[in-house]
Every structure is written in C-alpha cells, then in structure tokens.
Amino acid sequence: MVPMIYTLYGFAIFFFIHWFAMWLLHILAIFYGKFKLHRKLPQPAPDEPYPGVSILKPLMGVDSNLATNLETFFTMTYPQYELLFCIEEEGDPAVAVVEGLIKKYPKVCARLYKGATSVGVNPKINNMHNAFEDSLYELILVSDSGIKMKEDTLLDMVYHMTNKTGIVHQMPFTCDRNGFAATLEKIYFGTAQSRIYLVADLFRINCHTGMSTLLRKSVLKENGGLKTFGCYLAEDFFICKYFLDKGWRTSISSQPAMQNSGLCDVNSFQARLTRWAKLRVAMVPLVIIFEPLSECMVIGALAAWASSVLFQWDSLAFYLIHVLLWFICDWILLTTVQNGSLPFNKFDFLVAWLFRECSGPYLFLHAIIYPDIQWRNRVFKLAWGGVAQEIKPRIKC
C-alpha cells in the first residue's frame, strides 16, 4: 500500500511540475514575441553592399492565390536576387503562371526548371536539386508556394543573417482570410505553434519549419548539398540539425512567414497537423510522452488532479481557472504575432480555440495509431530517426 501511495504522489508531483513549466513557457513566449517580432529594421549604411540571394520556389499545381503569392517575389525591394522556379511535371498548370509573371517582370532575374531529379525519396528535394546546383549566390532562400512576401521581408531575413548565423527562418503564420478554417489556422499558428517556436528560438533549440528559410549554400555544399537530405521527409529539421552540429547559429526573423494558400478547409488542415505529428514522433520519439502534456486540456486535467492530491485544492475550480487563464494568454500571444487587429471577434476566437484545443490530442493519437504518411499522391513509411521509405502501391494482376 505504501509503495502505491508514493507512486501516486510521484505522478502528482511530476504533473504539477510539468504544468508549472508549461506556464513558464507560455509567459516566456509572450514576452519574447513582443521583443522579437515586427521590429523596425535599422537603415543600412549607404556604401554597405547587399549579398545576393537565390530564391528556390518548388511548385506543384495551382490554387486561387498562387499567382498573387508568386508576384510578391517579383516586387520585393531587395536589390540583388534571382528567382528559380522548380516544377516537377512538364504539364503542370503552374508553368503558365510562372511564365506569365516572368514576361510581366522582365527586369527580374528569373528562371524556370521543369522536371525533377531523383536524389532521394523527398519530392521537394528532388524538385529543387537542379536549381540549387545552378544557383548563383551564397545565400539560398527556400520558399514554399503558399508564402506571400512583403516588400521588405527579404531585407529583414538578410539583416538577421550575421557572421555566426547559418540559418534564418520565418515563424509560420497565416494571412487574413475568411471562414472557420482560416480562423482555425491563424489560431493554431499564432498560439500553439508560435508558443513552441518562440521559446525554441530563445533557447536555440531546433524547431525549424522550412517553409521560408534563408541558409548558406557553402555550408550545405560541405555535406554534399541538398541531395544529402533527400532521404528524409522532414528535411528542414535535419538541415537545421546539421547547421547546429557544425557550430552555426539559427534565428527567426522578425517577420512571420505569411501563408496564403488558396486551399483552406478544416480536413486538409487537420491532415497537415497529423502529418507533422507523425514526423515528430519518428524524429524525436520523446514527443510521444511530452507533446500530449503540452495541450491545455490534457495538462490542465492532470494538474487539477495533482493539486487535489498534493494540496487538497478543488480540482474543478483549478481546472476552470487554468483553462480561462490559458485562453487569455493565447489571445495575448495571438495579437502579438498578428501585430494588428484580428479578422475575427472574440466569440469566433473562442469557438475555434476550443475546437483546436479539444481536437489536438485526438490528432496526435491518430498519428500514433496510423504512422504512415501521405504526401500529395504518395505514401511514405518512416523509420526511427526520420529516414523515409516510399510505399509503392501493389500492382494487381
């Protein structure tokens, strides 16, 4: 009986300490976000040269916002850059969109690469390989198709590329769009995602999402270039790990990455979150234990139970106060990342926030039970450590 009581108290102490640590992380994210994000750039010296940047844009298919998103790369104020568009299939409708923009902006250095080179299982790496090898400049910006740039975004990223920095990446966020799915996306990226991302950057922990990443080409070439990471699906994580292992720093820029995909629905977004969870489980198996404990509803319930065991507090009152304060802190963090008025009211925020918080543990459990990853029309299996293998469909006789 005594060992059981000690075990009970041991779990209660663990959950309460973890709950306290999550609140500390929450507060740190808010203060660091106010310090780090949306800072005004200092004016560079007139005689200070800007380093050239090669921008790799892997594309597949067309959505309603693709042309608008790509056009923002042609209108940036940065003085020296090239645009390298990478399209896997010759007949992809994205070819016509790119060719139209190249014709519209003849003064911008832009090239179109058709056809992928098979250097691994990662379709994105295969698509970008030729353009990476042909790129002119030392700084490489890998930017996904759904990213929308401000005129000074590239300036902001290059400003953060100091002599000791090897990677500058943008914290994922979203543009203002209409509908419940858009609200859900903005809340996720502005709360749960940004909380982890900001604290990871503060303590220089690898939490790299490669949708908009500026990196040093020469450092990658020392390890064989992009193709070396073609065996992984989460190439962004392993590229960042490689830079950190080589002694380089990584940093987020002050401007978040503005995702503006024309495809915006709840099912595709939930599938995306599930795919990311599957990748994290394979790359860092400890997330199986700790990631569910980072969810508001889960850690709140466990901490409420722990408080009743350790201090005889009212567990229901504890839980309700916990959820209310978490909700308020998430609103503060979201407005910090947004840096302006939100495109929805507090009631819409409450509904989408509750949906996100309640569905998060379910999506993680689904990722554990069904570990195979579907990426577009392909299916992959991950080994521990993150190495991927494509599962070919069986041919029926």
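Residues numbered from 1 in each chain as written. Predicted model: local features only at pLDDT ≥ 70, side-chain atom pairs only at ≥ 80, totals over all residues. Heavy atoms only, no water.

### Quick notes on unusual backbone geometry
Line of reasoning, step 1. The phi torsion at Arg 204 lies on the positive side, around 55°, for a residue other than glycine.
Line of reasoning, step 2. Along the chain, the position of Arg 204 falls in the loop between helix H7 (192–202) and strand E8 (212–216).
Line of reasoning, step 3. A positive phi angle is found at Asn 339, which is not glycine, with a value near 60°.
Line of reasoning, step 4. With respect to the helices and strands, Asn 339 occurs in the loop between helix H13 (315–338) and helix H14 (346–369). (Helix = DSSP H or I, 4+ residues; strand = E, 2+ residues; numbered from the N terminus.)

### Some thoughts on the packing of aromatic side chains
Line of reasoning, step 1. Counted by the stated rule, this structure contains 27 aromatic pairs.
Line of reasoning, step 2. Ring centres of Tyr 32 and Phe 35 lie 6.1 Å apart, and the angle between their planes is 35°; on these two criteria the pair is classed as tilted. Pair noted here: Tyr 32 and Phe 35 are both in helix H1 (residues 2–36), with a separation of three residues, about one helical turn.
Line of reasoning, step 3. On the basis of an interplanar angle of 15° and a centroid distance of 5.9 Å, the ring pair of Phe 74 and Phe 85 is categorised as stacked. A residue pair is termed long-range when its members are at least 10 positions apart, and Phe 74 in helix H2 (residues 66–74) and Phe 85 in strand E2 (residues 81–87) qualify at eleven residues.
Line of reasoning, step 4. You can call Phe 74 buried: its relative accessible area is 4%.
Line of reasoning, step 5. Classification of Phe 85 by relative accessible area gives buried; the value is 0%. (Phe/Tyr/Trp six-rings, centres within 6.5 Å; stacked < 30°, edge-to-face > 60°. Buried < 20%, exposed > 50% of the residue type's maximum accessible area, 1.4 Å probe, protein only.)

### Observations regarding the side chain of Asp 201
Line of reasoning, step 1. Within the secondary structure, Asp 201 is located in helix H7.
Line of reasoning, step 2. Of the side chains with opposite charge, Lys 36 lies nearest to the buried Asp 201, which makes no salt bridge, at 4.3 Å.
Line of reasoning, step 3. A polar atom in the side chain of Asp 201 sits 3.1 Å from the backbone nitrogen of Ile 252.
Line of reasoning, step 4. In this structure Asp 201 touches Tyr 32, Lys 36, Thr 250, Ser 251 and Ile 252, once residues within four positions along its chain are discounted. (Lys, Arg positive; Asp, Glu negative; His and termini not counted. Salt bridge = Lys/Arg side-chain N within 4 Å of Asp/Glu carboxyl O. Polar contact = N/O pair within 3.5 Å; in protein donor to acceptor, adjacent residues only side chain to side chain. Contact = heavy atoms within 4.5 Å.)

### Some points on the pattern of salt bridges
Here the idea is simple: oppositely charged side chains can pair when their charged atoms come close.
Line of reasoning, step 1. Within the structure shown, the criterion is met by 16 salt bridges.
Line of reasoning, step 2. Its salt-bridge partner being Asp 176, residue Lys 186 comes within 3.0 Å of it at the nearest N-O pair. In this pair, Lys 186 sits in helix H6 (residues 180–190) while Asp 176 sits in the loop between strand E7 (172–174) and H6, placing the two residues ten residues apart along the sequence.
Line of reasoning, step 3. With relative accessibility at 43%, the residue Asp 176 sits in the partly exposed group.
Line of reasoning, step 4. Two residues, Glu 295 and Arg 356, come together in a salt bridge whose shortest N-O distance is 2.9 Å. Of this pair, Glu 295 sits in the loop between helix H11 (287–290) and helix H12 (296–311) while Arg 356 sits in helix H14; the two residues are 61 residues apart in sequence, bridging distant segments of the chain. For the pair Glu 295 and Arg 356, a shared accessibility class is recorded, and that class is buried.

### Topic: the packing of H13 against H14
Each pair of packed helices can be described by the angle between their axes along with the distance between the axes.
Line of reasoning, step 1. Viewed as axis vectors pointing N to C, H13 and H14 meet at an angle of 115°, and their least axial separation amounts to 11 Å. On the basis of the axis angle, H13 is roughly perpendicular to H14. The interaxial crossing formed by H13 with H14 has right-handed handedness. Contact residues: H13 offers Val 323, Trp 326, Phe 327, Asp 330, Trp 331 and Leu 334, while H14 offers Lys 346, Phe 349, Leu 350, Trp 353 and Glu 357. (Axes fitted to C-alpha atoms, helices over the stretch in contact; angles between N-to-C directions. Parallel < 35°, antiparallel > 145°, perpendicular 65-115°, else oblique. Left-handed = near helix turned anticlockwise from the far one by under 90°.)

### A few points about the sheet that holds strand E11 (residues 373–375)
Line of reasoning, step 1. Strands sit in the order E11-E12-E13 across an open sheet of three strands; the sheet is antiparallel. Two strands close off the open sheet at either side, each with one partner strand: E11 and strand E13 (388–390). Each strand of the sheet is rotated relative to its neighbour by a mean of 35°, with strand direction disregarded.
Line of reasoning, step 2. In the sheet, strand E12 (residues 378–382) pairs with E13 via three bridges, with the strands oriented antiparallel. Note that in E13 the partner of Leu 382 across the bridge is Ala 388.
Line of reasoning, step 3. The sheet contacts of helix H10 (residues 266–283) involve E11 and E12, and relative to E11 the element is tilted by about 130°. (Pairing = 2+ DSSP bridges.)

### Some details on the packing of H6 against H7
Line of reasoning, step 1. Where H6 meets H7, the axes come as close as 3 Å, and the angle between the chain directions of the two elements is 25°. Here H6 is positioned roughly parallel relative to H7, judged by the angle of their axes. Contacts between H6 and H7 involve Ile 187, Tyr 188, Phe 189 and Gly 190 on the former and, on the latter, Ala 192, Gln 193 and Ser 194.
Line of reasoning, step 2. For the contact of H6 with H7, the residue count by class is four nonpolar, three polar and no charged. (Nonpolar A, V, L, I, M, F, W, Y, C, P; charged D, E, K, R; others polar.)

### Some thoughts on the pairing of strand E4 (residues 139–143)
Line of reasoning, step 1. By the criterion of burial, E4 is predominantly enclosed, with five of the five residues buried.
Line of reasoning, step 2. Going residue by residue along E4, you find Leu 139, Leu 141 and Ser 143 tucked away on one face and Ile 140 and Val 142 tucked away on the opposite face as well.
Line of reasoning, step 3. Bridge count for strand E1 (residues 53–59) against E4 is four bridges, and the pairing is parallel. Across the sheet, residue Ile 55 finds its bridge partner in E4, namely Leu 141.

### Considering the environment of Ile 147
Line of reasoning, step 1. Mapped onto the secondary structure, Ile 147 falls in strand E5 (residues 147–148).
Line of reasoning, step 2. By relative accessible area, which is 2% here, Ile 147 ends up buried.
Line of reasoning, step 3. Separated by 138 residues in the primary sequence, Ile 147 and Tyr 9 have C-alpha atoms spaced 49 Å apart.
Line of reasoning, step 4. For Ile 147, the contacting residues outside a window of four places in its chain are Lys 57, Asn 69, Phe 73, Met 211, Ala 257, Met 258 and Gln 259.

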